[in-house]
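Coordinates in review
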Amino acid sequence: MSTIPVNKMLKRVGMTRRHNFDFVKFAEIAEDGETIVSATVVLVSGDDVLVMGLTGFAGSKVQIVLAAGTVGDTYRLRATITTSGGAILPLDGDLEIVS
């Protein structure tokens, strides 16, 4: 069983923030030169108070926008891409809401 890499993110309560999931460390992107052809981002854990949206992808990065959230809570997000070579790659992010 493989482990999904995890990004650590912080967001202040009350602010809207853009964040990039960077897939550059995956061999399919870094070594094989594949590109991202589709991407999704979902909330894996945490309540649904967090508001997020996928804004696009380019190069090795998937960009999302984050809003709302509860101070002290940590939310697990998962970005999943499909590459031009057909690989499906997940990358998790732990978003902590701070005051």
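Whatever comes next refers back to the structure up there.
We now turn to the structure provided with this report. This is a predicted model, so every value here is computed, not measured.

Parameters and conventions
- Here, residues in each chain are numbered from 1, in the same order as that chain's written sequence.
- Where local features are concerned, this predicted model is filtered to residues with pLDDT of at least 70; where side-chain atom pairs are given and counted, the filter is 80 or more; whole-chain, interface and lining totals use all residues.
- Side-chain numbers here rest on the full set of heavy atoms in the structure, without hydrogens or water.
- Every helix listed is a DSSP run of H or I at least four residues long, and every strand listed is a run of E at least two residues long, numbered separately from the N terminus.
- In what follows, residue pairs with any heavy atoms lying within 4.5 Å of each other are defined as contacts.
- In these tables, accessible area is a Shrake-Rupley quantity obtained with a 1.4 Å probe, and a residue counts as shielded only by the protein chains included in the view.
- Under the convention used here, Asp and Glu are negative, Lys and Arg are positive, and both His and the chain ends fall outside the count.
- Where a charge lies is defined by one atom per residue type, namely NZ (Lys), CZ (Arg), CG (Asp) and CD (Glu).
- Pairing between strands is defined by DSSP: at least two bridges between the two strands are required.
- Angular values range over 0 to 180 degrees, each being the angle between N-to-C directions of two axes fitted as lines to C-alpha atoms, with helices fitted over their stretch in contact.
- For the purposes of this section, nonpolar cores are sets of buried Ala, Val, Leu, Ile, Met, Phe, Trp, Tyr and Cys residues that join through side-chain atoms within 4.5 Å.
- Here the term buried applies to any residue with accessible area under 20% of the maximum for its type, exposed to any over 50%, and partly exposed to those in between, with areas from a 1.4 Å probe on protein chains only.

The number of helices and strands found in the protein is 1 helix and 7 strands. For the protein, the succession of helices and strands along the chain, N to C, is β-β-α-β-β-β-β-β. Seen through its C-alpha atoms, the protein measures out along the principal axes to roughly 40 × 30 × 20 Å. Long-range contacts, defined here as pairs at least 24 residues apart, represent 61% of the contacts in the protein between residues at least 6 apart. As displayed, the protein offers around 5,500 Å² of accessible surface, 52% of which is attributable to carbon and sulfur atoms. Taking the average place of the 9 positive charges on the side chains of the protein and the average place of its 11 negative ones, the gap between the two points comes to 8 Å.

Turning to the sheet that holds strand 6 (residues 74-83), a few remarks are in order. Taken in spatial order, the 4 strands make up an open sheet running 1-7-6-3, and their pairing is mixed. Looking at the sheet topology across the chains shown, the edges are occupied by strand 1 (6-12) and strand 3 (36-45). Mean inter-strand twist for the sheet, computed between neighbouring axes without regard to direction, equals 25°. Taken together, the 8 bridges between strand 3 and strand 6 define a ladder with antiparallel strand orientation. In the sheet register, Leu43 faces strand 6, and the bridge partner there is Leu77.

So, on to the nonpolar core. Counting residues in hydrophobic clusters, the biggest one holds 21 residues, and the most contacted among them are Phe21, Phe23, Val62, Leu77, Ile81 and Leu95. Counting residues per element, the ones that place at least two in this core are strand 3, strand 5 (61-68), strand 6 and strand 7 (88-98). The residues contacting Leu95, other than those within four sequence positions of it, are Met9, Leu10, Lys11, Leu50, Leu66, Asp73, Thr74 and Tyr75.

The next point concerns the side chain of His19. Within the secondary structure, His19 is located in strand 2 (residues 17-22). Taking the relative accessible area as the measure of exposure, His19 reaches 11% and is therefore buried.

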